[in-house]
Amino acid sequence: MKTLIKTIILPALVLIGTATQVSAQTKRSNAKQKTVVTTTKRTTTAVNKANNRRVSSTKVIYKKPTRKVVSVRSIPNKTIVKHKGQNYYYANNKFYTQSRGRYIVIAPKVGFRIKTLPANHKRVRFNTHNYYISQGIFYIQINNAYEVVDPEIGTVVYELPEDYEKVTIDGQTYYEYANVLYEKVQVDGTRAYEVVGIIDME
């Protein structure tokens, strides 16, 4: 796998790596108290184009060898959602799985569908897609449901879930959550995180 190249950011909204500078515009509006960001793009980074920017999990080194698992004994007012034979429990804008009588926060997998988006979601338009983002999970609308998907490379978010992890790949530091890799960037002087790859679990 080719070495991941550190992003060089121009003073504008950064969303997808290209070798050519293109003007960037940001348009924000509030609709029903949801954040909407419409963007076009510019930057000068290319990350592993030959492999569609998918990274083997064998190349990823986590700063912490084990993830701290936080569990709770009960979840008030939970909703049960089934996906491929597994029960997910939804409450407080988070999904949980049950293990040994306790509930553990879990990121729903790609393909998981829900009928109603979490209350704290934000809508981001990138290229031709409207993404709905909540707790680091990306959804797109399909008919009357919302399906979990991998985000496009170059998508920018302004915060990560609290339990994100730092990783290194070929000596470069990135941030990981739900198998999505991010790089810290600056957007008009504001800290943000750009999607630069997806981890393939092996």
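Everything here concerns the structure above.
All values derive from a computational prediction rather than experimental measurement.

(A) How the structure looks around the pattern of salt bridges. Per the stated rule, a full pass over the model turns up four salt bridges. In this structure, R54 engages D200 in a salt bridge whose closest nitrogen and oxygen atoms are separated by 2.8 Å. Separated by 146 residues along the polypeptide, R54 in strand β3 (residues 54-56) and D200 in strand β19 (residues 190-200) bring together distant segments of the chain. On the basis of relative accessible area, R54 is assigned to the partly exposed category, the value being 28%. R113 serves as the salt-bridge partner of E147, at 2.6 Å between the closest nitrogen and oxygen. Note that E147 is positioned in strand β14 (residues 145-149) and R113 in strand β10 (residues 113-114), a separation of 34 residues in sequence. Assessed through its relative accessible area of 17%, E147 is described here as buried. Put simply, R54, D150 and D200 are held in one network by salt bridges that share partners.

(B) Expanded view of the nonpolar core. Counting residues in hydrophobic clusters, the biggest one holds 16 residues, and the most contacted among them are Y131, F138, V157 and Y182. Going through the elements one at a time, β11 (122-126), β12 (129-134), β13 (137-142), β18 (180-187) and β19 are the ones with two or more residues in this core. Among the elements that line this core, the one with the most residues is β19, at three residues. Non-local contacts of F138, meaning those with residues more than four positions away in its chain, are made with Y131, Y132, I133, E147, V148, V149, P151, T155, V157, Y182 and V195.

(C) Representation of the layout of surface pockets in the model. Of the volumes computed, that of the second largest pocket is approximately 150 Å³. Lining the second largest pocket we find T79, V81, Y90, F95, I114, K115, T116, L117 and P118. Across the lining of the second largest pocket, the residue classes tally to six nonpolar, two polar and one charged.

(D) Focus on the pairing of strand β8 (residues 94-99). Relative to β8, strand β7 (residues 86-91) runs antiparallel, the two sharing three bridges. In the strand pairing of β8, A91 is matched with K94. The loop that links β7 with its antiparallel partner β8 comprises two residues; one of these, N92, has a positive phi angle of about 55°. Counting the residues between successive antiparallel strands, the hairpin from β8 to strand β9 (residues 102-105) contains two residues, one of them, R100, with a positive phi of roughly 50°.

(E) Local environment of a positive patch on the surface. Together, K63, K166, K184 and R191 give the surface a local cluster of positive charge. For K166, a relative accessible area of 41% translates into the label partly exposed.

(F) View of the side chain of T97. One can find T97 in strand β8. Apart from residues no more than four positions distant in its own chain, T97 is found in contact with Q86, N87, Y89, R102, Y103, I104 and I106.

(G) Quick peek at the sheet that holds β8. Spatial ordering of the open sheet is given by β5-β9-β8-β7-β6, a layout of five strands whose pairing is antiparallel. Edge strands, defined here as strands with exactly one partner in the open sheet, are β5 (71-72) and β6 (79-83). Bridge analysis of β8 against β9 gives four bridges, and the strand direction is antiparallel. Bridged to S99 within β9 is R102.

Criteria and thresholds
- Residues numbered from 1 in each chain as written.
- Predicted model: local features only at pLDDT ≥ 70, side-chain atom pairs only at ≥ 80, totals over all residues.
- Heavy atoms only, no water.
- Salt bridge = Lys/Arg side-chain N within 4 Å of Asp/Glu carboxyl O.
- Helix = DSSP H or I, 4+ residues; strand = E, 2+ residues; numbered from the N terminus.
- Buried < 20%, exposed > 50% of the residue type's maximum accessible area, 1.4 Å probe, protein only.
- Core = buried A, V, L, I, M, F, W, Y, C linked by side-chain atoms within 4.5 Å.
- Contact = heavy atoms within 4.5 Å.
- 1 Å grid on protein atoms, 1.4 Å probe; cavity = no way out; pocket = protein on both sides within 12 Å on 5 of 7 lines; lining within 4 Å.
- Points joined across faces, edges and corners; volume = space filled by probe spheres on them.
- Nonpolar A, V, L, I, M, F, W, Y, C, P; charged D, E, K, R; others polar.
- Pairing = 2+ DSSP bridges.
- Patch = residues over 30% accessible without salt bridge, like charges linked within 9 Å, V, L, I, M, F, W, Y side chains within 5 Å.
- Areas by Shrake-Rupley, 256 points an atom, 1.4 Å probe, with all protein chains shown as cover.
- Lys, Arg positive; Asp, Glu negative; His and termini not counted.
- Charge placed at Lys NZ, Arg CZ, Asp CG, Glu CD.

As far as function goes, none of this settles anything; it's purely spatial.
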